[in-house]
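Next come the chains, spelled out residue by residue.
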Amino acid sequence: MKKWFRDKDSGFLDNKGGPDIVVRKADLVDCQFLKVGVTVEFECHIEKQMLVARKVRLSNQKNSDGQNNRNHGPKPFRFGVMT
């Protein structure tokens, strides 16, 4: 997560040198906002010539204390999901 605007209920995901990806509160799964620096999984769509994240959820990566963010076992492969 690159930037989140709480007053606008939206933000931007870093795209590693490409154009930033827009994320909106309505597309978040199991959370109300995102903190800068978290890793997320999402589906990427093109809308009005910009990249938009859909079905955005926290990634299953380990955090700094070695714990999983979610307790659902190994991450399944899903076609079209960027991490």
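Quick notes on the rules
Residues numbered from 1 in each chain as written. Predicted model: local features only at pLDDT ≥ 70, side-chain atom pairs only at ≥ 80, totals over all residues. Heavy atoms only, no water. Helix = DSSP H or I, 4+ residues; strand = E, 2+ residues; numbered from the N terminus. Buried < 20%, exposed > 50% of the residue type's maximum accessible area, 1.4 Å probe, protein only. Contact = heavy atoms within 4.5 Å. Salt bridge = Lys/Arg side-chain N within 4 Å of Asp/Glu carboxyl O.

## Describing unusual backbone geometry
- Backbone geometry at K16 places phi at a positive 45°, although glycine is not the residue there.
- Residue placement: K16 occurs in the loop between strand 2 (10-13) and strand 3 (21-24).
- Residue class for K16 comes out exposed when judged on its relative accessible area of 77%.
- Although it is not a glycine, Q49 sits at a positive phi angle of roughly 60°.

## Regarding the environment of R24
- Mapped onto the fold, R24 is located in strand 3.
- Between the C-alpha atom of R24 and that of K55, which follows or precedes it by 31 residues, the distance is 10.0 Å.
- When sequence neighbours within four positions are dropped, the list of residues in contact with R24 reads W4, D9, S10, E47, M50, V52 and R54.

## Side note on the pattern of salt bridges
- Applying the stated criterion across every chain, the model contains 5 salt bridges.
- Here D20 and K2 are joined by a salt bridge, their closest N and O atoms 3.0 Å apart. Of this pair, D20 sits in the loop between strand 2 and strand 3 while K2 sits in the segment before strand 1 (3-5), and the two are 18 residues apart along the sequence.
- In this structure D20 comes out as partly exposed when scored by relative accessible area, which is 29%.
- A salt bridge links E47 to R24; the shortest N-O distance between them is 3.3 Å. One end of the pair, E47, is in strand 4 (residues 40-47); the other, R24, is in strand 3, with 23 residues separating them in the sequence.
- Three or more residues are tied together by salt bridges with common partners; here these are R24, D27, E47 and R54.

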